[in-house]
Amino acid sequence: MDISEITELENEGEELRTKLKLANEKIEEIEEFCKLHIENLNDVIFSINEQGNFTYISPAIENFTGYSPEEVMGTSFMQYIHPEDLPGLLQDIDLTLEGEHKPYMLRIVSKTGSITYVHTSSKGIVKDGKVVGINGIMVNIAQLKRIEFELMKEKEKAQHYLDVAGVAIIVINNDFRVSLVNKKACELLGYKEHELFNMNWFEMIIPEMIRESVTQSFMLSCYGDIASTPFECPITTKEDQIRLCSWKCTQLKDENGHNTGCILAGEDITERKEAEEALLKAKYMAEDASRTKSEFIANMSHELRTPLNAVIGFSEVLIERKFGDVNEKQDKYLRNISTSGKKLLEIINSILEISKIESGSLDMDYKTINIEDLIEEIKEDIEEYLTDQAEMVSFEVLTDVSHIIADTRKVEKSVFHLIENAIKFSDKTNPVKVRIESVDEMIAFKITDRGIGISEEDIDKLFEPFSQLDPSSTRVYSGVGVGLYLIKKFAELHGGCLGVKSKLEKGSTFTFAIPTKPAKMRNEQS
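My aim in this report is to walk through the structure given alongside it, one point at a time.

What counts and what doesn't
Residues numbered from 1 in each chain as written. Predicted model: local features only at pLDDT ≥ 70, side-chain atom pairs only at ≥ 80, totals over all residues. Heavy atoms only, no water. Pairing = 2+ DSSP bridges. Helix = DSSP H or I, 4+ residues; strand = E, 2+ residues; numbered from the N terminus. Axes fitted to C-alpha atoms, helices over the stretch in contact; angles between N-to-C directions. Expected span 1.5 Å × (residues − 1). Buried < 20%, exposed > 50% of the residue type's maximum accessible area, 1.4 Å probe, protein only. Arc of directions from axis to C-beta. Contact = heavy atoms within 4.5 Å. Polar contact = N/O pair within 3.5 Å; in protein donor to acceptor, adjacent residues only side chain to side chain.

1. Points about the sheet that holds strand β6 (residues 168-173)
So, point 1. Strand order in the open sheet made by the five strands is β7-β6-β10-β9-β8, with antiparallel pairing throughout. Because the sheet does not close on itself, it has two edges, and the strands there are β7 (178-181) and β8 (231-236). Averaged over all adjacent pairs, the angle separating strand axes in this sheet is 35°, with direction ignored.
So, point 2. Bridging between strand β9 (residues 242-253) and strand β10 (residues 259-268) involves nine bridges; their strand directions are antiparallel. When the sheet's bridge partners are listed, lysine 248 is paired in β10 with alanine 265.

Written out as structure tokens, the structure is:
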């Protein structure tokens, strides 16, 4: 071998050493890359041979299980799998080995015995056309599982809220199929929850004869631009019962604002509707009875007043001696007939006025009234009808108001009757005081006595028509129980009120208060 050949061999050796150095540097570079990018991953990279033993495991396994890679290498993967998940995992591995990409989720058991949820994705290692193992990646999904668990708890809580709601709640998607119901809906419809799930709401629940119109109302409520308003609609239960319900629709939208369905909130109003119809029927019957009663009272009053006026008129003619003298005893009897007839006529007129008030047909005859003239009229009535007790009554005017606009007859009748009552329930030695006062635009007639008084629990009964605080047949005080009711109504027709303050054995004060002029006139002046 000459020198030129030796030189050529040395050059080739140097070239090989250079290539080897570059190859080693490349290997170191790859190893560095693997160390930086694979072995430092939070996820686990693994390889398993045909026997199921680990041939490679990345360092992240220690974070998952507490085992170091050295402890895991060469061991079977099955010893780290939760026993309940192992059968399903082996089936998924078989599918993977057959070439199907099959990600799977499972639980692994750590060195301390704790459980970690992981998600794995793997692929077969093929050599010379034969699968000799599996490469895969394992991701820790414990956080996702915690979030899933929290979401499940929130869903259960939401379902609980739905179940305790007092109305039926049904969620329907865009093809009208039920996706969620609460307990109340199941009770109303008679179905189990799983029976309602995915059921077409309109085909199964809405009666066929109204299905088309109800669908239109539903579409308008759930998908229209106008605000949803409740609508009534009957439904058919599992037992083919028809129940009437009131429904309120609320749109459901996704994050892009597109409709995804709606929530139906329904209330069974069958019994309520039946009760309303019964009440309405009873109302019509009561109104009809009231009209009949009013007509009867009007006719009866007319028929009674005609002969009664004759009795009163003829008795007064005889009292005035127009057809000759009568003796003292006959005069007394004639005056009793006249007085009793007038009282009876007053009762009949009061009953007729009550009938007109209840039917809303009582007219108000407004006139300007001079307060002093009104008091004089009342005094004259007292002298005529309450002659023996006239001295008990005193008047006191404590107002600068000289005139009011009111129904003269109703005001005079009301005040007189209150004075008459005060005298009736008082001892002759006790005075009855009438005070006329005014506050703002109201004038009040206050009648005070020191009579028997009224208990607090009996005060409300005073204003009930045809009622007496002492209903027994042996009661001391006469009356049919219409006076105070009528006075109260007269006050209210004027826009005022009738008040009372009383104590047993201490006496009472009745206050008849009305505006000084009608509300219409006050509004026009304002």
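Here the narrative resumes.
2. A look at helix α12 (residues 371-385)
So, point 1. Between its terminal C-alpha atoms α12 stretches 21 Å, which fits the 21 Å expected from 15 residues at 1.5 Å a residue.
So, point 2. Within α12, the full set of buried residues consists of Ile371, Leu374, Ile375, Ile378, Asp381 and Ile382. Relative to the axis of α12, the buried residues are bounded by an arc of 120° and lie together on one face.
So, point 3. Looking at the buried residues of α12, the elements they touch are β11 (366-370), β12 (393-397), β13 (403-407), α13 (408-424), β14 (432-439) and β15 (442-449).

3. Points about the side chain of serine 122
So, point 1. Along the polypeptide, serine 122 turns up in strand β4 (residues 115-127).
So, point 2. A polar atom in the side chain of serine 122 sits 3.0 Å from the side chain of tyrosine 104.

4. Observations concerning the side chain of arginine 107
So, point 1. By the element assignment, arginine 107 lies in strand β3 (residues 104-109).
So, point 2. Residue arginine 107 is classed as buried on the basis of its relative accessible area, which comes to 17%.
So, point 3. In this view, arginine 107 contacts Tyr80, Ile81, His82, Glu84, Asp85, Ile115, Thr116 and Tyr117; residues no more than four positions away in its chain are not counted.

5. Examining the sheet that holds strand β1 (residues 44-49)
So, point 1. Here five strands make up an open sheet; going across it, the order is β2-β1-β5-β4-β3 and the pairing antiparallel. Looking at the sheet topology across the chains shown, the edges are occupied by β2 (54-57) and β3. Averaged over all pairs of adjacent strands, the angle between strand axes in this sheet comes to 30°, irrespective of strand direction.
So, point 2. Sheet topology note: the β4/strand β5 (residues 130-140) ladder contains 10 bridges and is antiparallel. Among the inter-strand pairings, valine 118 is bridged to a residue of β5, identified as asparagine 140.
So, point 3. In the packing of helix α4 (residues 86-97) onto the sheet, contacts are made with β3, β4 and β5, and the angle to β3 comes to roughly 130°.

6. Quick notes on the pairing of β15
So, point 1. Relative to β15, β14 is paired through seven bridges, and the arrangement is antiparallel. Bridge pairing in β15 places glutamate 437 opposite alanine 444.
So, point 2. Where β14 folds back onto β15 in an antiparallel hairpin, the turn is made up of two residues, including aspartate 440, whose phi is positive at roughly 55°.
So, point 3. Judged from the eight bridges that link them, β15 and strand β17 (residues 507-515) form a sheet pairing that is antiparallel. Counted as the bridge partner of lysine 446 is threonine 511 from β17.

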